[in-house]
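# Breakdown of the fold
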Amino acid sequence: MKTILFAATMLFVSVATVAQQLSADKIIGVWEDVDSDLALKFEFYKAGDKYFGKLLYASDMFEADGKTPKKDFKNPDKALQNRSRYGITNITNLTFDKGEYLNGTLYNPDEGRNYSVKVKLRNLNEMDYRAYMGIALLGRSMTFKRVQ
């Protein structure tokens, strides 16, 4: 009887762990904003147990020719100031906890500044995104939709 109870408990814990991991991984994919003037597009991916966002598009990321990506010239790290803004991973270290992605950092290349960021999925295809300094009340919210 103890063996059966132990096996059932281990099975439940394993299923719960896998279900939470699958739930957390729902952020993975390409997302675009639906309500800002920047027309942002990110690709979220997982590395280790954290989630990251790579900048794929922003309406202000190109030079006047509309083709050449701007450089990251406001980056406080002088070694990175000559890199292209296209494809930089500027959302870092999001951790999944109780249905939210927390404790992340957003690097804004327009300002060369970092912000705290948190994300919550409304459903499989909609995301609420909040970037802020200090407390979440003082920040900017955006809605993203999954790119199919």
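Just above sits the structure.
A brief structural summary. Here the structure is a predicted model, which means the values were calculated and not measured.

Taken together, eight strands build a closed barrel; the order of strands is β1-β2-β3-β4-β5-β6-β7-β8 and the barrel is antiparallel. Neighbour-to-neighbour, the strand axes of the sheet open up by a mean angle of 30°, direction not taken into account. As paired elements, strand β6 (residues 113–123) and strand β7 (residues 126–132) share seven bridges and run antiparallel to each other. Bridge pairing in β7 places N123 opposite E126.

With that out of the way, let us pick up the side chain of D72. Mapping D72 onto the fold places it in the loop between β3 (50–57) and β4 (89–97). At 2.8 Å, the side chain of D72 forms a polar contact with the side chain of N75. In this structure D72 touches L80, Q81, R83, R85, Y107 and P109, once residues within four positions along its chain are discounted.

Direction of pairing for strand β5 (residues 100–108) relative to β6: antiparallel, over a ladder of seven bridges. Paired with Y107 across the two strands is N114, which belongs to β6. Linking β5 to β6, which pair antiparallel, is a turn of four residues; within it G112 sits at a positive phi near 70°. Hairpin connection of β6 to β7: two residues between the antiparallel strands.

Conventions we followed
Residues numbered from 1 in each chain as written. Predicted model: local features only at pLDDT ≥ 70, side-chain atom pairs only at ≥ 80, totals over all residues. Heavy atoms only, no water. Pairing = 2+ DSSP bridges. Helix = DSSP H or I, 4+ residues; strand = E, 2+ residues; numbered from the N terminus. Axes fitted to C-alpha atoms, helices over the stretch in contact; angles between N-to-C directions. Polar contact = N/O pair within 3.5 Å; in protein donor to acceptor, adjacent residues only side chain to side chain. Contact = heavy atoms within 4.5 Å.

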